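# Summary of the model geometry
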Amino acid sequence: MNTKAHILVTGGAGFIGSHTVDLLMHAGYRVSVLDNLSTGYLTNIEQWIDHPRFNFVDADITTDLTAAFAGMVRRFGRIERIAHFAAQTAVPISMDDPVGDIQTNLAGTARILEYARHNKVAKVFFASSSAVYDDDAPVPVSEESRARPTSPYGIDKLAAEFYLDYYARLYGLTFTALRFMNVFGPRQDPKSWYSGVISIFLERAVTGQPITIFDDGNQTRDFVYVTDVAEAVVRALLSDAGNNAIINIGTGVEVTINALTHTILELAGSASPVRHEPARAGDIRRSVTTMDRAVALLNFNPRVELREGLHATLAWVPQEKTKPVAGSGAAA
Ligand code: UD2
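Residues numbered from 1 in each chain as written. Predicted model: local features only at pLDDT ≥ 70, side-chain atom pairs only at ≥ 80, totals over all residues. Heavy atoms only, no water.

## Side note on the pairing of strand β1 (residues 6-10)
Judged by how many residues are buried, β1 sits mostly within the fold: five of five residues are covered. Side chains His6, Leu8 and Thr10 of β1 all project onto a buried face; the interleaved residues Ile7 and Val9 project onto the opposite face, where all are buried too. Both β1 and strand β2 (residues 30-35) contribute to a ladder of five bridges, which runs parallel. If you follow leucine 8 over to β2, its bridge partner there is serine 32. Note that the unit made of β1, helix α1 (residues 15-26) and β2 has a crossover that is right-handed. Note: β1 against strand β4 (residues 81-84), four bridges, orientation parallel. Bridged to valine 9 within β4 is alanine 83. (Buried < 20%, exposed > 50% of the residue type's maximum accessible area, 1.4 Å probe, protein only. Helix = DSSP H or I, 4+ residues; strand = E, 2+ residues; numbered from the N terminus. Pairing = 2+ DSSP bridges. Right-handed = clockwise from strand over helix to strand, strands pointing away.)

The structure is reproduced here in C-alpha coordinates:
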(Lines give C-alpha, C1' and ligand atoms only; values in the text may rest on other atoms or scores of the structure.)
Protein backbone atom coordinates (compact mmCIF):
# COMPACT_ATOMS: atom_id res chain seq x y z
CA MET A 1 0.00 0.00 0.00
CA ASN A 2 1.29 3.43 -0.91
CA THR A 3 1.28 5.45 2.30
CA LYS A 4 1.43 8.65 0.28
CA ALA A 5 -1.84 7.95 -1.55
CA HIS A 6 -4.19 10.88 -2.09
CA ILE A 7 -7.51 10.29 -0.37
CA LEU A 8 -10.65 12.39 -0.64
CA VAL A 9 -12.93 12.52 2.39
CA THR A 10 -16.27 14.16 1.58
CA GLY A 11 -17.92 15.45 4.73
CA GLY A 12 -14.51 15.34 6.38
CA ALA A 13 -15.30 18.27 8.70
CA GLY A 14 -18.23 16.37 10.18
CA PHE A 15 -18.52 14.05 13.15
CA ILE A 16 -17.40 10.65 11.82
CA GLY A 17 -15.62 12.11 8.78
CA SER A 18 -13.23 14.22 10.87
CA HIS A 19 -12.23 11.24 13.04
CA THR A 20 -11.50 9.35 9.82
CA VAL A 21 -9.38 12.29 8.63
CA ASP A 22 -7.41 12.13 11.90
CA LEU A 23 -6.55 8.45 11.31
CA LEU A 24 -5.58 9.03 7.67
CA MET A 25 -3.40 12.02 8.52
CA HIS A 26 -1.67 10.16 11.36
CA ALA A 27 -1.00 7.30 8.94
CA GLY A 28 0.78 9.60 6.49
CA TYR A 29 -1.75 9.95 3.67
CA ARG A 30 -2.40 13.06 1.65
CA VAL A 31 -5.96 14.06 2.44
CA SER A 32 -8.38 16.35 0.66
CA VAL A 33 -11.54 17.22 2.57
CA LEU A 34 -14.58 18.38 0.64
CA ASP A 35 -17.20 19.89 2.94
CA ASN A 36 -19.67 22.77 2.73
CA LEU A 37 -19.63 23.21 6.54
CA SER A 38 -23.42 22.97 6.66
CA THR A 39 -23.27 20.64 9.66
CA GLY A 40 -19.50 20.15 9.90
CA TYR A 41 -17.14 22.51 11.72
CA LEU A 42 -13.71 23.81 10.78
CA THR A 43 -12.78 23.30 14.43
CA ASN A 44 -13.08 19.52 13.85
CA ILE A 45 -10.17 19.69 11.40
CA GLU A 46 -8.31 22.78 12.59
CA GLN A 47 -5.44 20.55 13.78
CA TRP A 48 -4.66 19.79 10.11
CA ILE A 49 -5.53 23.02 8.33
CA ASP A 50 -1.92 24.16 7.85
CA HIS A 51 -0.45 20.69 7.33
CA PRO A 52 1.35 20.22 3.99
CA ARG A 53 -0.44 16.90 3.42
CA PHE A 54 -3.89 18.41 4.04
CA ASN A 55 -6.19 20.25 1.68
CA PHE A 56 -9.58 21.70 2.63
CA VAL A 57 -12.06 22.49 -0.14
CA ASP A 58 -15.28 24.32 0.72
CA ALA A 59 -17.72 22.84 -1.78
CA ASP A 60 -21.22 21.40 -1.87
CA ILE A 61 -21.88 17.92 -3.29
CA THR A 62 -25.15 19.10 -4.80
CA THR A 63 -23.22 21.33 -7.23
CA ASP A 64 -20.89 20.73 -10.16
CA LEU A 65 -17.59 19.68 -8.59
CA THR A 66 -15.39 19.79 -11.68
CA ALA A 67 -13.34 22.75 -10.44
CA ALA A 68 -13.11 21.36 -6.90
CA PHE A 69 -11.82 17.98 -8.12
CA ALA A 70 -9.35 19.67 -10.48
CA GLY A 71 -7.98 21.76 -7.62
CA MET A 72 -7.45 18.68 -5.46
CA VAL A 73 -5.67 16.85 -8.26
CA ARG A 74 -3.43 19.87 -8.91
CA ARG A 75 -2.51 19.91 -5.23
CA PHE A 76 -1.88 16.21 -4.50
CA GLY A 77 -2.19 14.30 -7.80
CA ARG A 78 -4.74 11.68 -8.77
CA ILE A 79 -7.42 10.86 -6.18
CA GLU A 80 -6.83 7.20 -5.39
CA ARG A 81 -9.57 6.47 -2.85
CA ILE A 82 -12.71 8.26 -1.66
CA ALA A 83 -14.48 8.08 1.71
CA HIS A 84 -17.94 9.53 1.12
CA PHE A 85 -19.63 10.91 4.23
CA ALA A 86 -21.05 14.18 2.91
CA ALA A 87 -24.79 14.01 3.47
CA GLN A 88 -27.88 15.54 4.95
CA THR A 89 -27.79 13.53 8.18
CA ALA A 90 -31.05 14.35 9.96
CA VAL A 91 -33.88 11.90 9.51
CA PRO A 92 -36.61 14.44 10.44
CA ILE A 93 -35.27 16.96 7.90
CA SER A 94 -35.46 14.28 5.21
CA MET A 95 -39.14 13.85 6.06
CA ASP A 96 -39.80 17.58 5.70
CA ASP A 97 -37.78 17.86 2.49
CA PRO A 98 -37.52 14.56 0.61
CA VAL A 99 -36.51 16.31 -2.61
CA GLY A 100 -33.62 18.04 -0.88
CA ASP A 101 -32.58 14.74 0.66
CA ILE A 102 -32.52 13.11 -2.77
CA GLN A 103 -30.39 15.94 -4.10
CA THR A 104 -27.83 15.73 -1.31
CA ASN A 105 -27.79 12.08 -0.32
CA LEU A 106 -28.60 10.33 -3.59
CA ALA A 107 -27.59 12.70 -6.40
CA GLY A 108 -24.56 13.78 -4.35
CA THR A 109 -23.47 10.15 -4.11
CA ALA A 110 -24.06 9.59 -7.83
CA ARG A 111 -21.84 12.61 -8.51
CA ILE A 112 -19.04 11.05 -6.46
CA LEU A 113 -19.52 7.69 -8.21
CA GLU A 114 -19.38 9.31 -11.64
CA TYR A 115 -16.08 10.91 -10.72
CA ALA A 116 -14.80 7.58 -9.37
CA ARG A 117 -15.66 5.69 -12.53
CA HIS A 118 -14.22 8.25 -14.93
CA ASN A 119 -11.04 8.69 -12.93
CA LYS A 120 -10.25 5.10 -12.00
CA VAL A 121 -10.57 5.63 -8.25
CA ALA A 122 -9.43 2.35 -6.64
CA LYS A 123 -12.10 2.17 -3.94
CA VAL A 124 -15.06 4.12 -2.60
CA PHE A 125 -16.24 3.86 1.00
CA PHE A 126 -19.88 4.82 1.60
CA ALA A 127 -21.39 5.84 4.94
CA SER A 128 -24.73 4.06 5.11
CA SER A 129 -27.08 3.66 8.03
CA SER A 130 -29.15 1.21 10.04
CA ALA A 131 -32.04 3.49 9.01
CA VAL A 132 -32.32 1.30 5.87
CA TYR A 133 -33.89 -1.50 7.94
CA ASP A 134 -37.53 -2.18 8.58
CA ASP A 135 -38.68 -0.78 11.92
CA ASP A 136 -40.18 -4.17 12.67
CA ALA A 137 -37.03 -6.13 11.81
CA PRO A 138 -36.41 -8.73 14.51
CA VAL A 139 -33.32 -8.02 16.62
CA PRO A 140 -30.46 -8.46 16.30
CA VAL A 141 -30.54 -7.04 12.76
CA SER A 142 -28.17 -8.62 10.28
CA GLU A 143 -27.31 -7.45 6.79
CA GLU A 144 -29.82 -10.06 5.61
CA SER A 145 -32.64 -8.44 7.58
CA ARG A 146 -35.31 -6.82 5.48
CA ALA A 147 -34.40 -3.35 4.25
CA ARG A 148 -37.57 -1.27 4.22
CA PRO A 149 -36.76 2.30 5.22
CA THR A 150 -39.23 4.40 7.17
CA SER A 151 -37.81 7.74 6.08
CA PRO A 152 -36.55 9.45 2.93
CA TYR A 153 -33.13 9.46 4.61
CA GLY A 154 -33.18 5.66 4.84
CA ILE A 155 -34.58 5.33 1.32
CA ASP A 156 -31.80 7.49 -0.11
CA LYS A 157 -29.08 5.62 1.80
CA LEU A 158 -30.48 2.32 0.51
CA ALA A 159 -30.81 3.64 -3.03
CA ALA A 160 -27.21 4.87 -2.87
CA GLU A 161 -26.13 1.34 -1.90
CA PHE A 162 -27.88 0.08 -5.04
CA TYR A 163 -25.94 2.65 -7.06
CA LEU A 164 -22.68 1.34 -5.59
CA ASP A 165 -23.62 -2.20 -6.53
CA TYR A 166 -24.65 -1.06 -10.01
CA TYR A 167 -21.36 0.76 -10.57
CA ALA A 168 -19.47 -2.30 -9.33
CA ARG A 169 -21.26 -4.57 -11.80
CA LEU A 170 -21.20 -2.23 -14.76
CA TYR A 171 -17.92 -0.40 -14.37
CA GLY A 172 -15.86 -2.59 -12.04
CA LEU A 173 -15.98 -0.02 -9.22
CA THR A 174 -14.81 -1.35 -5.85
CA PHE A 175 -16.69 -0.19 -2.76
CA THR A 176 -17.56 -0.95 0.84
CA ALA A 177 -20.74 0.38 2.46
CA LEU A 178 -20.94 0.39 6.24
CA ARG A 179 -24.36 0.65 7.87
CA PHE A 180 -23.75 2.48 11.14
CA MET A 181 -25.76 1.80 14.27
CA ASN A 182 -25.91 4.65 16.86
CA VAL A 183 -22.50 6.29 16.69
CA PHE A 184 -21.43 8.54 19.59
CA GLY A 185 -18.36 10.41 20.74
CA PRO A 186 -16.58 13.76 20.71
CA ARG A 187 -17.62 16.22 17.96
CA GLN A 188 -21.19 14.96 17.78
CA ASP A 189 -23.19 18.16 17.76
CA PRO A 190 -25.63 18.32 20.71
CA LYS A 191 -27.27 21.52 19.50
CA SER A 192 -30.37 20.33 17.66
CA TRP A 193 -33.44 18.42 18.75
CA TYR A 194 -32.61 15.62 16.32
CA SER A 195 -29.10 15.13 17.69
CA GLY A 196 -28.10 11.71 18.98
CA VAL A 197 -29.35 10.92 22.47
CA ILE A 198 -25.88 10.68 24.02
CA SER A 199 -24.75 14.11 22.89
CA ILE A 200 -28.00 15.63 24.19
CA PHE A 201 -27.91 13.85 27.55
CA LEU A 202 -24.22 14.61 28.19
CA GLU A 203 -24.69 18.30 27.57
CA ARG A 204 -27.76 18.36 29.78
CA ALA A 205 -26.03 16.42 32.54
CA VAL A 206 -23.03 18.75 32.50
CA THR A 207 -25.16 21.89 32.61
CA GLY A 208 -27.66 20.51 35.14
CA GLN A 209 -30.61 20.82 32.77
CA PRO A 210 -33.43 18.27 32.91
CA ILE A 211 -33.05 15.08 30.90
CA THR A 212 -36.11 13.89 28.99
CA ILE A 213 -36.51 10.18 28.40
CA PHE A 214 -39.13 9.39 25.80
CA ASP A 215 -41.34 6.42 26.65
CA ASP A 216 -40.45 4.16 29.61
CA GLY A 217 -36.71 4.14 28.87
CA ASN A 218 -36.59 0.39 28.33
CA GLN A 219 -36.10 0.86 24.59
CA THR A 220 -32.64 -0.18 23.45
CA ARG A 221 -29.91 0.94 21.07
CA ASP A 222 -26.47 -0.31 20.00
CA PHE A 223 -24.03 2.53 20.75
CA VAL A 224 -20.67 2.38 18.99
CA TYR A 225 -17.80 4.77 19.70
CA VAL A 226 -16.69 7.03 16.89
CA THR A 227 -12.99 6.09 16.83
CA ASP A 228 -13.93 2.41 16.48
CA VAL A 229 -16.17 3.38 13.58
CA ALA A 230 -13.38 5.44 11.98
CA GLU A 231 -11.04 2.45 12.26
CA ALA A 232 -13.55 0.25 10.46
CA VAL A 233 -13.89 2.90 7.75
CA VAL A 234 -10.13 3.18 7.27
CA ARG A 235 -9.69 -0.59 7.15
CA ALA A 236 -12.37 -0.91 4.48
CA LEU A 237 -11.13 2.12 2.55
CA LEU A 238 -7.44 1.23 2.40
CA SER A 239 -7.55 -2.52 1.90
CA ASP A 240 -9.49 -5.15 0.02
CA ALA A 241 -11.36 -5.99 3.22
CA GLY A 242 -15.08 -5.91 2.64
CA ASN A 243 -14.76 -5.36 -1.09
CA ASN A 244 -18.21 -4.79 -2.62
CA ALA A 245 -19.88 -5.70 0.66
CA ILE A 246 -22.45 -4.02 2.88
CA ILE A 247 -21.61 -4.41 6.56
CA ASN A 248 -23.34 -3.37 9.80
CA ILE A 249 -21.11 -1.52 12.23
CA GLY A 250 -22.11 -1.57 15.89
CA THR A 251 -21.07 -3.41 19.02
CA GLY A 252 -23.67 -6.18 19.31
CA VAL A 253 -24.43 -4.84 22.81
CA GLU A 254 -28.00 -3.77 23.51
CA VAL A 255 -28.31 -0.90 26.01
CA THR A 256 -31.52 0.54 27.46
CA ILE A 257 -31.96 4.31 27.54
CA ASN A 258 -32.55 4.02 31.31
CA ALA A 259 -29.17 2.33 31.82
CA LEU A 260 -27.52 4.88 29.56
CA THR A 261 -29.06 7.76 31.53
CA HIS A 262 -27.93 6.26 34.82
CA THR A 263 -24.33 5.89 33.61
CA ILE A 264 -24.23 9.42 32.19
CA LEU A 265 -25.53 11.01 35.39
CA GLU A 266 -23.07 9.00 37.45
CA LEU A 267 -20.05 9.81 35.26
CA ALA A 268 -20.97 13.50 35.10
CA GLY A 269 -21.69 13.63 38.85
CA SER A 270 -24.88 15.31 37.78
CA ALA A 271 -28.11 15.96 39.64
CA SER A 272 -30.06 16.74 36.47
CA PRO A 273 -33.70 15.80 37.01
CA VAL A 274 -34.98 13.00 34.77
CA ARG A 275 -38.48 13.24 33.39
CA HIS A 276 -40.45 11.04 31.03
CA GLU A 277 -42.44 12.05 28.00
CA PRO A 278 -44.56 9.94 25.66
CA ALA A 279 -42.74 7.86 23.05
CA ARG A 280 -41.40 9.81 20.07
CA ALA A 281 -43.44 9.13 16.94
CA GLY A 282 -41.81 6.48 14.79
CA ASP A 283 -39.23 5.42 17.41
CA ILE A 284 -38.18 1.80 17.25
CA ARG A 285 -38.25 -0.24 20.44
CA ARG A 286 -35.11 -2.34 20.14
CA SER A 287 -32.01 -1.98 17.98
CA VAL A 288 -28.82 -4.02 18.01
CA THR A 289 -26.74 -5.60 15.29
CA THR A 290 -25.19 -8.98 14.71
CA MET A 291 -21.40 -8.79 14.46
CA ASP A 292 -20.67 -11.80 12.23
CA ARG A 293 -20.05 -10.01 8.96
CA ALA A 294 -18.05 -7.13 10.47
CA VAL A 295 -15.82 -9.65 12.24
CA ALA A 296 -15.49 -11.96 9.23
CA LEU A 297 -14.82 -9.29 6.60
CA LEU A 298 -13.19 -6.46 8.56
CA ASN A 299 -11.92 -8.27 11.65
CA PHE A 300 -13.87 -5.55 13.45
CA ASN A 301 -13.80 -5.70 17.23
CA PRO A 302 -14.85 -2.45 18.87
CA ARG A 303 -12.31 -1.52 21.51
CA VAL A 304 -14.06 1.26 23.40
CA GLU A 305 -16.82 0.16 25.73
CA LEU A 306 -19.80 2.40 26.38
CA ARG A 307 -18.65 3.61 29.79
CA GLU A 308 -15.15 4.44 28.56
CA GLY A 309 -16.54 6.16 25.48
CA LEU A 310 -18.95 8.22 27.58
CA HIS A 311 -16.08 9.22 29.84
CA ALA A 312 -14.01 10.38 26.87
CA THR A 313 -16.96 12.23 25.35
CA LEU A 314 -17.69 13.93 28.65
CA ALA A 315 -14.14 15.28 28.68
CA TRP A 316 -14.88 16.94 25.35
CA VAL A 317 -18.24 18.53 26.25
CA PRO A 318 -17.00 21.60 28.23
CA GLN A 319 -14.25 22.30 25.65
CA GLU A 320 -16.95 22.28 22.99
CA LYS A 321 -18.66 25.22 24.71
CA THR A 322 -15.56 27.40 24.68
CA LYS A 323 -14.39 26.50 21.19
CA PRO A 324 -13.48 29.44 18.95
CA VAL A 325 -15.78 30.58 16.19
CA ALA A 326 -15.10 28.46 13.07
CA GLY A 327 -12.44 30.02 10.90
CA SER A 328 -11.36 32.60 13.48
CA GLY A 329 -8.00 30.90 13.78
CA ALA A 330 -7.95 31.57 17.54
CA ALA A 331 -6.36 28.95 19.75
CA ALA A 332 -8.77 26.77 21.70
C1 UD2 B 1 -32.22 7.47 14.75
C2 UD2 B 1 -32.60 8.78 14.15
C3 UD2 B 1 -34.09 8.85 14.08
C4 UD2 B 1 -34.66 7.63 13.31
C5 UD2 B 1 -34.06 6.33 13.81
C6 UD2 B 1 -34.31 5.18 12.84
C7 UD2 B 1 -30.88 10.31 14.83
C8 UD2 B 1 -30.45 11.32 15.83
N9 UD2 B 1 -32.10 9.80 15.02
O10 UD2 B 1 -32.91 7.48 15.94
O11 UD2 B 1 -34.47 10.07 13.48
O12 UD2 B 1 -34.42 7.74 11.96
O13 UD2 B 1 -32.64 6.43 13.94
O14 UD2 B 1 -33.86 4.01 13.40
O15 UD2 B 1 -30.18 10.01 13.90
N16 UD2 B 1 -34.19 9.65 23.38
C17 UD2 B 1 -34.67 10.12 24.59
N18 UD2 B 1 -34.53 11.45 24.87
C19 UD2 B 1 -33.95 12.34 24.00
C20 UD2 B 1 -33.47 11.85 22.76
C21 UD2 B 1 -33.62 10.50 22.49
O22 UD2 B 1 -35.22 9.37 25.40
O23 UD2 B 1 -33.83 13.52 24.34
C24 UD2 B 1 -34.34 8.22 23.09
C25 UD2 B 1 -35.14 7.99 21.84
O26 UD2 B 1 -36.50 7.93 22.14
C27 UD2 B 1 -34.59 6.66 21.37
C28 UD2 B 1 -33.13 6.67 21.86
O29 UD2 B 1 -33.06 7.68 22.84
O30 UD2 B 1 -35.28 5.61 21.97
C31 UD2 B 1 -32.13 6.96 20.79
O32 UD2 B 1 -32.49 8.15 20.12
P33 UD2 B 1 -31.60 8.79 18.94
O34 UD2 B 1 -32.39 9.91 18.35
O35 UD2 B 1 -30.25 9.08 19.45
O36 UD2 B 1 -31.40 7.61 17.90
P37 UD2 B 1 -32.51 6.68 17.18
O38 UD2 B 1 -31.81 5.42 16.88
O39 UD2 B 1 -33.74 6.59 17.95
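## Focus on the site of the ligand
Close contacts around the ligand come from 16 residues, with Tyr194, Val197, Thr212, Arg221 and Asp283 the closest. Here glutamine 219 contributes a side-chain N or O atom positioned 3.1 Å from an oxygen atom of the ligand. Alone, the ligand offers 710 Å² of accessible surface; in the complex the protein occludes 83% of this. Mapped by element, the contributors of at least two residues to the shell around the ligand are α6 (197-207) and β8 (211-214). Considering each element in turn, the shell around the ligand owes the most residues, three residues, to β8. Looking at side-chain class alone, the shell around the ligand contains eight nonpolar, five polar and three charged residues. (Near = heavy atom within 4 Å. Polar contact = N/O pair within 3.5 Å; in protein donor to acceptor, adjacent residues only side chain to side chain. Areas by Shrake-Rupley, 256 points an atom, 1.4 Å probe, with all protein chains shown as cover. Nonpolar A, V, L, I, M, F, W, Y, C, P; charged D, E, K, R; others polar.)

## Side note on the packing of helix α4 (residues 98-118) against helix α5 (residues 152-171)
Closest axis-to-axis distance for the α4/α5 pair is 9 Å, and the angle between their directions is 20°. Relative to α5, α4 is oriented roughly parallel. In this structure, the crossing between α4 and α5 has a hand that is right-handed. Across from Pro98, Asp101, Ile102, Asn105, Leu106, Thr109, Ala110, Leu113, Glu114 and Arg117 in α4, the residues of α5 making contact are Pro152, Tyr153, Asp156, Ala159, Ala160, Tyr163, Leu164, Tyr167 and Tyr171. When the residues that make up the contact of α4 with α5 are grouped by side-chain class, the tally is 13 nonpolar, two polar and four charged. (Axes fitted to C-alpha atoms, helices over the stretch in contact; angles between N-to-C directions. Parallel < 35°, antiparallel > 145°, perpendicular 65-115°, else oblique. Left-handed = near helix turned anticlockwise from the far one by under 90°. Contact = heavy atoms within 4.5 Å.)

## Description of the packing of aromatic side chains
By the definition in use, this model includes eight aromatic pairs. Every member of this aromatic cluster is reached through a ring pair, and the members are Tyr163, Tyr166, Tyr167 and Tyr171. The positively charged end of arginine 117 is found above the aromatic ring belonging to tyrosine 171, 4.1 Å away from the centroid. (Phe/Tyr/Trp six-rings, centres within 6.5 Å; stacked < 30°, edge-to-face > 60°. Lys NZ or Arg CZ within 6 Å of the ring centre and 35° of its normal.)

## Quick word on empty space enclosed by the protein
Using the criterion set out here, one finds two cavities of 30 Å³ or more in the structure. If you add up the space inside the largest cavity, you get close to 60 Å³. If you go around the largest cavity, you meet 10 residues; those closest to its centre are Gln188, Pro190, Ser199, Trp316 and Val317. Sorting the residues of the lining of the largest cavity by element identifies α6 and α10 (306-322) as the ones contributing at least two each. A per-element tally of the lining of the largest cavity places α10 first, with four residues. (1 Å grid on protein atoms, 1.4 Å probe; cavity = no way out; pocket = protein on both sides within 12 Å on 5 of 7 lines; lining within 4 Å. Points joined across faces, edges and corners; volume = space filled by probe spheres on them.)

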